[in-house]
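# Architecture at a glance
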Amino acid sequence: MTTTAGRRATSWPVVFAVGAAVGVLGGMVGLGGAEFRLPLLIGLFGFVALAAVILNKAMSLVVVLIALPARLSAVPLTELGPHWTVAANLLAGSLLGAWTGAAWAVRMRTATLYRVLAVLMVGMAAALVATHLTTLGSVGLSSWVRLPVGVAAGFGIGVVAAIMGVAGGELLIPTITLLFAVDVRVAGSLALVVSLPTMLVAFARYSRDRSFAVIRENLPFTAVMAAGSAVGAVIGGLLLGAVPDVVLVPILAAMLAVSAFRLARH
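Here the structure is a predicted model, which is why all the values come from computation and not from measurement.

Analysis parameters
Residues numbered from 1 in each chain as written. Predicted model: local features only at pLDDT ≥ 70, side-chain atom pairs only at ≥ 80, totals over all residues. Heavy atoms only, no water. Helix = DSSP H or I, 4+ residues; strand = E, 2+ residues; numbered from the N terminus. Rg over C-alpha atoms; globule rule 2.2 N^0.38 Å. Contact = heavy atoms within 4.5 Å. Areas by Shrake-Rupley, 256 points an atom, 1.4 Å probe, with all protein chains shown as cover. Lys, Arg positive; Asp, Glu negative; His and termini not counted. Charge placed at Lys NZ, Arg CZ, Asp CG, Glu CD. Patch = residues over 30% accessible without salt bridge, like charges linked within 9 Å, V, L, I, M, F, W, Y side chains within 5 Å. Salt bridge = Lys/Arg side-chain N within 4 Å of Asp/Glu carboxyl O. Buried < 20%, exposed > 50% of the residue type's maximum accessible area, 1.4 Å probe, protein only. Phe/Tyr/Trp six-rings, centres within 6.5 Å; stacked < 30°, edge-to-face > 60°. Core = buried A, V, L, I, M, F, W, Y, C linked by side-chain atoms within 4.5 Å. Expected span 1.5 Å × (residues − 1). Axes fitted to C-alpha atoms, helices over the stretch in contact; angles between N-to-C directions. Parallel < 35°, antiparallel > 145°, perpendicular 65-115°, else oblique. Left-handed = near helix turned anticlockwise from the far one by under 90°.

### Let's talk about the overall build of the protein
When helices and strands are counted, the protein shows 12 helices and 0 strands. Walking the protein from its N terminus toward its C terminus, one meets helices and strands in the order α-α-α-α-α-α-α-α-α-α-α-α. Its C-alpha atoms give the protein a radius of gyration of 17 Å, near enough to 18 Å, the size a compact globule of 266 residues would have. In the protein, 83% of the contacts between residues at least 6 apart in sequence involve partners at least 24 apart. When the accessible surface of the protein is summed, it comes to about 11,500 Å², and 71% of that surface belongs to carbon and sulfur atoms. In the protein, which carries 16 positive and 7 negative side-chain charges, the distance between the mean positions of the two groups comes to 12 Å.

Shown next, in the form of structure tokens:
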């Protein structure tokens, strides 16, 4: 494989294996794993920050598209139907947040984007710990308060997901549980329903920037790693619960923290 767009030369099996490892890690905690893939795109494969974010977004979109039918077969639309207002509430903010976050990312200086990504990864580590090692209940807000709070939360999640190139499930699931008192199993499917259009909006905004050419220049790389991520996510899903959260989650959170430290110094 030749080196293009700042990527270090490597082999297709390595690219697939890295994608699969990311998918397994994410799948074991019920996520897509994009937050683990981003620092590898920068540190291991040598992409600059914005290029890595755009590639991560493209791969995350593929993984979500593959995961959505399987998720809907486990939690059918008839079960999601009564919660359509939850998705609509969050989408009202997340779509605007995704466009805004992508617009900010393409305008940031590279050094600033590295630091922002580092801070967001620490936040992802904290969200991972809070979601899997604590019991989340509903905050019990009235409907009149919950509506604007849901829009604001959706906006923030859309911004973070766009800047990091992730689906945002690690933030959407606890938000849906806390604000709307929805069961975690249903919240996971609702998160996919919200994240897909949110990702498409961010993708559309990134497509207007010249940096978007990184996808065309690295299409085989993107396809191979996305395929590995999808396969890994399936395997990780089958291994869900094989390693207790109390053991696995602190390790994953520490990995994110270390990656954040390295990004901040990049």
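### Thoughts on a nonpolar patch on the surface
A cluster of nonpolar side chains, namely Val 129, Leu 133, Val 246, Val 247, Ile 251 and Met 255, defines an oily patch on the protein surface of about 470 Å² accessible area. Elements with a minimum of two residues in the nonpolar patch: helix H6 (110-133) and helix H12 (245-264). When residues of the nonpolar patch are assigned to their parent elements, the largest contribution, 4 residues, is made by H12. Within the secondary structure, Val 246 is located in helix H12. Residue classification places Val 246 among the exposed residues on the basis of a relative accessible area of 60%.

### Let's talk about the packing of aromatic side chains
One pass over the full model with this rule turns up 3 aromatic pairs. Here Phe 45 and Phe 221 contribute two aromatic rings whose centre-to-centre distance is 5.1 Å and whose plane-to-plane angle is 75°, an arrangement assigned as edge-to-face. With a gap of 176 residues between them, Phe 45 in the loop between helix H2 (34-43) and helix H3 (49-74) and Phe 221 in helix H11 (residues 219-238) connect regions that are remote in the sequence. In this structure Phe 45 comes out as buried when scored by relative accessible area, which is 1%. A relative accessible area of 1% means that Phe 221 is categorised as buried.

### Comments concerning the nonpolar core
Ranked by internal contacts, the top residues of the largest apolar core, which has 77 residues, are Leu 41, Phe 47, Leu 117 and Met 164. Looking at which element gives the most residues to this core, the answer is H6, with 10 residues. Here Leu 117 is in contact with Leu 38, Ile 42, Ala 49, Val 53, Ile 163, Met 164 and Leu 263, once residues within four sequence places are set aside. Grouped together as the second largest cluster of nonpolar side chains are 7 residues, Leu 61, Ala 167, Leu 192 and Leu 196 included.

### Quick notes on the environment of Leu 68
Here Leu 68 shows up in helix H3. By relative accessible area, Leu 68 is classed as buried at 16%. Distance in space between the C-alpha atoms of Leu 68 and Pro 244 is 25 Å, their sequence separation being 176 residues. Setting aside chain neighbours within four positions, we find Leu 68 in contact with Leu 192 and Leu 196.

### A look at the environment of Val 224
The residue Val 224 is located in helix H11 in this model. Through-space distance from the C-alpha of Val 224 to that of Val 18 is 9.9 Å; in sequence the pair is 206 residues apart. If near-sequence neighbours (up to four positions away) are discounted, Val 224 is found in contact with Trp 12, Val 15 and Phe 16.

### Quick look at H6
Look at H6: 34 Å from first C-alpha to last across 24 residues, which is about the 34 Å you get at 1.5 Å a residue. Among the residues making up H6, those that are buried are Leu 113, Tyr 114, Leu 117, Ala 118, Leu 120, Met 121, Met 124, Ala 125, Ala 127 and Leu 128. Among the structural elements, H2, H3, helix H5 (84-107), helix H7 (143-164), helix H8 (169-180) and H12 are those in contact with the buried residues of H6.

### Description of unusual backbone geometry
Residue Ala 181 is not a glycine yet carries a positive backbone phi of 55°. On the secondary structure map, Ala 181 appears in the loop between H8 and helix H9 (184-206). Accessibility expressed as a relative area gives 54% for Ala 181, which makes it exposed.

### Some remarks on the packing of H6 against H7
Two quantities define a packed helix pair, namely the angle between the axes and the distance from one axis to the other. At their nearest, the axes of H6 and H7 sit 10 Å apart, and the two run at 120° to each other. Considering the angle they form, H6 stands oblique to H7. Here H6 and H7 pass one another in a crossing that is left-handed. Listed contacts from H7 to Leu 113, Val 116, Leu 117, Leu 120, Met 121 and Met 124 of H6 are Val 160, Ile 163 and Met 164.

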